[in-house]
Amino acid sequence: MTPVYTFRRYGQSEAAEIRQILLDVHADAYATETDEFHDQKRFAWFVDHWSGLPGFDCVIAYEGEEPAGYAYGAPAVHEREWWREYLSPAPGATATFSLSELMVRPKWRATGLSDQLHTELIGQRPEPLSVLLVDVTHPRVQALYESWGYHKVGERQPFADSPLYAVMLRGLTA
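Residues numbered from 1 in each chain as written. Predicted model: local features only at pLDDT ≥ 70, side-chain atom pairs only at ≥ 80, totals over all residues. Heavy atoms only, no water.

Draft legend 1. Representation of the nonpolar core. Judged by nonpolar contacts, the single largest core of 21 residues is most densely connected at Leu113, Leu117, Tyr145 and Tyr150. Within the residue set of this core, elements represented by two or more residues are strand E2 (57-63), strand E3 (66-75), strand E4 (96-104), helix H3 (113-122), strand E5 (129-135) and strand E7 (165-171). Dropping the residues within four chain positions of it, tyrosine 150 is found in contact with Leu99, His118, Ile122, Ser130, Leu132, Tyr145, Met168, Leu169 and Arg170. Core analysis: the second largest hydrophobic core is formed by 19 residues, Ile18, Leu22, Ala29 and Met103 among them. (Core = buried A, V, L, I, M, F, W, Y, C linked by side-chain atoms within 4.5 Å. Buried < 20%, exposed > 50% of the residue type's maximum accessible area, 1.4 Å probe, protein only. Helix = DSSP H or I, 4+ residues; strand = E, 2+ residues; numbered from the N terminus. Contact = heavy atoms within 4.5 Å.)

Draft legend 2. Main features of the environment of tyrosine 62. With respect to the helices, strands and loops of the structure, tyrosine 62 is situated in strand E2. Separated by 22 residues in sequence, tyrosine 62 and glutamine 40 place their C-alpha atoms 22 Å apart. Leave out the neighbours within four places in its chain, and tyrosine 62 touches Val4, Tyr5, Thr6, Arg8, Tyr10, Ile21, Pro67 and Ala68. Separated by 3.0 Å, the side chains of tyrosine 62 and tyrosine 10 make a polar contact. (Polar contact = N/O pair within 3.5 Å; in protein donor to acceptor, adjacent residues only side chain to side chain.)

Draft legend 3. Examining the packing of helix H1 (residues 15-29) against helix H2 (residues 40-51) more closely. Running from amino to carboxyl end, H1 crosses H2 at an angle of 145 degrees, the nearest separation of the two axes being 10 Å. Two packed elements cross with a definite hand, and for H1 against H2 that hand is right-handed. Between H1 and H2, the contacting residues are Ala15, Arg19, Leu22, Leu23, Asp24, His26 and Ala27 on the first element and Gln40, Phe43, Ala44, Val47, Asp48 and Ser51 on the second. In the contact of H1 with H2, the residues fall into seven nonpolar, three polar and three charged. (Axes fitted to C-alpha atoms, helices over the stretch in contact; angles between N-to-C directions. Left-handed = near helix turned anticlockwise from the far one by under 90°. Nonpolar A, V, L, I, M, F, W, Y, C, P; charged D, E, K, R; others polar.)

Draft legend 4. Representation of the sheet that holds E7 within the structure. Spatially, the seven strands line up as an open sheet ordered E1-E2-E3-E4-E5-E7-E6, and their pairing is mixed. In the strand order of this sheet, the two ends are held by strand E1 (6-11) and strand E6 (151-156), each with one partner. Sheet twist, expressed as the mean angle between neighbouring strand axes with direction ignored, is 25 degrees. Of the pairings in the sheet, the one linking E5 to E7 comprises seven bridges and is antiparallel in character. Counted as the bridge partner of valine 131 is leucine 169 from E7. (Pairing = 2+ DSSP bridges.)

Draft legend 5. A look at the pairing of E5. Most of E5 is tucked away: six of the seven residues are buried. Note: E4 against E5, three bridges, orientation parallel. Bridge pairing in E5 places threonine 96 opposite leucine 129.

Next up, the structure:
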């Protein structure tokens, strides 16, 4: 039987209310990872950083009352769209939504939930462009984003101890 999800949207003002949900879903999604980059304490810093940004937008999917996954991000700061350095010439549109996390708990993987979460979050955004990073060692994840209209425009390692990521850009209204 296909799960039926309820999607709830949260903004910056509800960040404290959903913080533990985000951390718990992350802990479940990365329970088998042992590297420092997936550490719960470090991820908490990212949650606090992103949820503190103006325009923070988060969609959490629930099956019943149990959180199954989420997607969140925030608009890029105007004239600081870091992805522009990868394109010459860069698109004329600059307003960009930065998708930071799209996470589905193991129990709900391969159910189409990631696509639904992406659609719920990005489909409501006014920005004409969306950008995200995907670990280059996960080609199936990159291919999934490509099937949603993203294109790899470069590679980036945002932190000295982070993985190398594919920079992926999508024109939302194209």
